[in-house]
Amino acid sequence: MLELKDITYQVEENNETKTIIDHLDLSIGDGKFIVITGPNGGGKSTLAKLIMGVRPVSSGSMIFDGEDITKLNITDRAKLGISFAFQQPVHFKGIKVLDLLRLATGTNISVNKACDYLSKVGLCAKEYIDREVNSSLSGGELKRIEIATVLARGTKFSIFDEPEAGIDIWSFQNLIQVFENIRKTVQGTVLIISHQERILNIADEIIVIEDGKVSKHGSKEDILPELLGTASAVNISCSKISN
Amino acid sequence: MLDNIQKQLLKEVADLYSMPKGAYNIRANGEKAARNTTENIDIVTKTDNPGIDVYIKDGTQNESVHIPVVISESGIKEVVYNDFYIGENCNVTIVAGCGINNCGSQDSQHDGVHRFFVGKNSKIRYVEKHYGEGTGTGKRILNPVTEVYQKENSYVDMDMVQIKGVDDTYRTTKAELAAGATMIVHERLMTHGQQKATSVYSVELNGDGSSTDVISRSVAKDDSEQIFEVAIVGNTICNGHAECDAIIMDNAHIVAIPRLDAKNVDAALIHEAAIGKIAGDQLIKLMSLGLTEAEAEEQIIGGFLR
Ligand SMILES: Nc1ncnc2c1ncn2[C@@H]1O[C@H](COP(=O)(O)OP(=O)(O)OP(=O)(O)O)[C@@H](O)[C@H]1O
Ligand SMILES: [Mg+2]
């Protein structure tokens, strides 16, 4: 169970305080499959970074399985069982895909085991296992490897920031299956940030984040029809521009 | 025979756990410790200077020469001249390297002057590793000079590594390439503490279609200092590329000085240099996999210098 209590995140920009996450309250139950959506710039990635500890909250607190993690650093949160697949995967000179998967599992997993994780994200493992995680890989390939590192960790709370971005439509269905599998095998919570209807469709709960606040939170059955109807995410951002 | 410290040094600089196969010449504390020659590779002690001449016959294929140097006495200072005369149509690996263990208070210094005369169509892989250890106050100093003279269509691939324990180094590498010749250099360097390392390259592309690629990856920690200077001269239709990629940490100081000198409209010369600290997002990613900041740093540097 993850509880966010009155979380605010502010940055200083040109001597002005900009509020990116604004007194946000949220409670995420165990074993849930949750999709966060909302307009571009609404604060979804920022919220994910606050949960992972990549950014410090300006105020408020976070409780994970009863433990206050507000002041913990990234490493400690990772060790407690939080994982995060970045929206923009990171490049490393000289670190190979196999190395990264070994670091993710924390053990010297066999090449075969590492290949399993790559196959799960639709990469023909043999071709990739010895490649460096650098800019010679395509955007979609990097994205899949990023997802594989989180699968390899198999922690109880996994966050994926727009995992479908850059993934071709042939692999998309498999990807959805991958997420359903994690949920079954790890019995953990999967939190996906996405704009894709097909991902929204497999959620237990949908959360809409807008202007740094939770504007909607409920079961898929309640929220999805609303989003696809008049108040769709697309319309929200359009109305923002016209304001 | 070699003692245990010397054997340990050999392992560090030449990955040698026992006597190597093929030709070799092992120099320990300023003297010849062991030598082997083969039908195609002869090693002869120089008469005018300390050092050896290595003769590799035309057409020698898939053979190797190991010429490691180990120093385990404090206060040894030597300049050694090693010349390699490589015939035509050869394919040979040469492994050099110097390991110094200095537990004393006097400086130990090895300056190796290596000259390579590479025959037509020959392919050479040259691996050189420098390593220092020991708790003494005496410095461990290495000043290698490498000269390469490449005949038509020859190919030289040099891999030079200095990761640990050398206090002071001034490396000079000079090459002249004839038509169709190629020289590739990979240099990896790490300095820490008060260490100083300077590396100066000068590659002359003299023959049509000659090409070179000089790639340096380095990490400077603590108060160490590195200077990387590379000059490529294009005298004809040729391709030259130099790349210096450095990670700077703590209070280190890194200088990268490129010099491209084109004397022909068809000389294509490129230099890229980048100096910067470890990228924050790389640290964040590895920490999110459960590594501490120090562990993440170690992985990033280890990969970078691989
Ligand atoms: N360090 C920062 N400094 C200034 N502005 C920031 C900073 N970090 C985030 N922002 C701003 O905060 C807002 C929210 O950004 P965030 O990346 O969380 O949006 P998002 O909901 O993930 O959008 P998208 O759907 O486009 O990925 C944006 O307007 C962004 O420009
Ligand atoms: Mg985002």
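Below: a short report on this structure. For every chain, the first residue of the written sequence is number 1, and numbering continues from 1 along that sequence. Chain letters and ligand numbers both follow the written order, the letters beginning at A and the numbers at 1. Per-residue local features of the predicted model are confined to residues with pLDDT of at least 70, and side-chain atom pairs are confined, for both listing and counting, to 80 or more; whole-chain, interface and lining totals are unaffected and use all residues. Just so you know, side-chain values use all the structure's heavy atoms and leave hydrogens and water out.

**Things to note about the overall build of chain A**
Stage number 1. What counts as a helix is a DSSP run of H or I of at least four residues, what counts as a strand is a run of E of at least two, and both are numbered from the N terminus. The number of helices and strands found in chain A is ten helices and ten strands.
Stage number 2. Radius of gyration here uses only the C-alpha atoms, and the compact-globule reference equals 2.2 Å multiplied by the residue count raised to the power 0.38. Computed over C-alpha atoms, the radius of gyration of chain A comes to 18 Å, within 12% of the 18 Å expected from 2.2 N^0.38 for 243 residues, which places it in the range of a compact globule.
Stage number 3. A burial count over chain A gives 52% of its 243 residues as buried.
Stage number 4. Calculation of accessible area relied on Shrake-Rupley with a 1.4 Å probe; when residues are assessed, cover is drawn exclusively from the protein chains displayed. Here chain A displays about 11,100 Å² of accessible surface, and carbon together with sulfur accounts for 46% of that area.
Stage number 5. Just so you know, the count uses Lys and Arg for positive and Asp and Glu for negative, and it drops His and the chain ends. Charge positions come from single atoms, namely NZ of Lys, CZ of Arg, CG of Asp or CD of Glu. Each charge class in chain A can be summarised by its mean position, and for the 27 positive and 32 negative side chains these summaries are 5 Å apart. Burial classes: relative accessible area under 20% of the type maximum marks a residue as buried, over 50% as exposed, and values in between as partly exposed (1.4 Å probe, protein chains only).

**Considering helix α3 (residues 293-304) of chain B**
Residues and elements named next belong to chain B.
Stage number 1. Helices are assigned an expected span. That span is 1.5 Å times one less than the residue count. The end-to-end C-alpha distance of α3 is 16 Å, a good match for the 16 Å that twelve residues give at a rise of 1.5 Å each.
Stage number 2. When α3 is considered as a whole, its buried residues turn out to be A296, I300, I301, G303 and F304. Buried residues of α3, viewed axially, fall in a sector of 165°; they line one side. Facing away from the buried side of α3 by more than 90 degrees, the exposed set consists of A294 and E298.
Stage number 3. In what follows, a contact means two residues having at least one pair of non-hydrogen atoms within 4.5 Å. Buried residues along α3 sit in contact with β14 (182-191), β16 (210-220), β18 (238-248) and α2 (280-287). Within this analysis, the arc is defined by the directions that extend from the helix axis to the C-beta atoms.

**Remarks on helix α1 (residues 44-52) of chain A**
Stage number 1. When you tally the buried positions in α1 of chain A, you get eight out of nine residues, the bulk of the element.
Stage number 2. Among the residues of α1 of chain A, K44, S45, T46, L47, A48, L50, I51 and M52 of chain A are the ones counted as buried.

**As for the layout of surface pockets**
Residues and elements named next belong to chain B.
Stage number 1. A volume near 310 Å³ is recorded for the largest pocket.
Stage number 2. Those elements that place two or more of their residues in the lining of the largest pocket are β18, β20 (267-276) and α3.
Stage number 3. Across the lining of the largest pocket, the residue classes tally to ten nonpolar, six polar and five charged. In this analysis a 1.4 Å probe is tested at points of a 1 Å grid over the protein atoms alone, and where it fits but cannot get out there is a cavity; an open set with protein on both sides within 12 Å along at least five of seven lines is a pocket; lining residues have an atom within 4 Å of a point. Grid points are joined across faces, edges and corners, and a volume is the space filled by probe spheres set on the points. In this classification, Asp, Glu, Lys and Arg are treated as charged, Ala, Val, Leu, Ile, Met, Phe, Trp, Tyr, Cys and Pro as nonpolar, and every other residue, Gly included, as polar.

**Examining the site of ligand 1**
All names here are of chain A.
Stage number 1. We call a residue near a molecule or strand when any one of its heavy atoms sits within 4 Å of it. As a matter of local geometry, ligand 1 sits amid 15 residues, with N40, G41, K44, S45 and T46 nearest to it.
Stage number 2. Counting of polar contacts relies on pairs of N or O atoms within 3.5 Å, with two restrictions inside protein: one atom must be capable of donating a hydrogen and the other of accepting it, and residues adjacent in sequence are counted only when both atoms are side-chain atoms. Between an oxygen atom of ligand 1 and a side-chain N or O atom of K44, the distance comes to 2.8 Å.
Stage number 3. Separating an oxygen atom of ligand 1 from a side-chain N or O atom of T46 is a distance of 2.5 Å.
Stage number 4. Here ligand 1 loses 68% of its free accessible area of 640 Å² to cover by the protein chains.
Stage number 5. Elements that contribute at least two residues to the shell around ligand 1 include exactly β1 (2-13), β2 (16-28) and α1.
Stage number 6. Here the shell around ligand 1 is composed, by residue class, of three nonpolar, eight polar and four charged.

**Thoughts on the interface of chain B and chain A**
Stage number 1. With 19 residues of chain B at the interface, the matching set in chain A holds 23 residues.
Stage number 2. Two parts placed together each lose some accessible area under a 1.4 Å probe, and the buried area is that loss summed for both. Across the chain B/chain A interface, buried area totals approximately 1,800 Å², and carbon plus sulfur atoms make up 63% of it.
Stage number 3. It is K285, S288 and L289 of chain B in chain B that bury the most area against chain A; as a group they hold 32% of the surface buried on that side.
Stage number 4. Throughout this description, the term salt bridge denotes a Lys or Arg side-chain nitrogen within 4 Å of a carboxyl oxygen of Asp or Glu. The tally of links between chain B and chain A comes to three salt bridges.
Stage number 5. A salt bridge links D99 of chain A to R306 of chain B; the nearest nitrogen and oxygen atoms lie 2.6 Å apart.
Stage number 6. If you look at where chain B meets chain A, you find ten residue pairs in polar contact (both at pLDDT 80 or more).
Stage number 7. With six residues, the top contributor of residues to the side of chain B that touches chain A is α2 of chain B.
Stage number 8. Taken together, the residues of the side of chain B that touches chain A break down into seven nonpolar, six polar and six charged.

**Section: the sheet that holds strand β9 (residues 205-210) of chain A**
Residues and elements named next belong to chain A.
Stage number 1. Any two strands with at least two DSSP bridges between them are considered paired. Taken in spatial order, the six strands make up an open sheet running β6-β7-β8-β3-β9-β10, and their pairing is mixed. Pairing within the sheet leaves two strands with one partner each, and these edge strands are β6 (82-85) and β10 (213-219). Between one strand axis and the next, the sheet turns by 15° as a mean value, whatever way the strands run.
Stage number 2. When strand β3 (residues 33-37) meets β9, the two strands line up parallel, connected through four bridges. For I34, the partnering residue across the bridge sits in β9 and is E205.
Stage number 3. Axis lines are fitted through C-alpha atoms, for helices just across the contact stretch, and the angle between N-to-C directions can take any value from 0 to 180 degrees. Its contacts with the sheet put helix α9 (residues 220-228) on β3, β9 and β10, and the angle it makes with β10 is roughly 120°.

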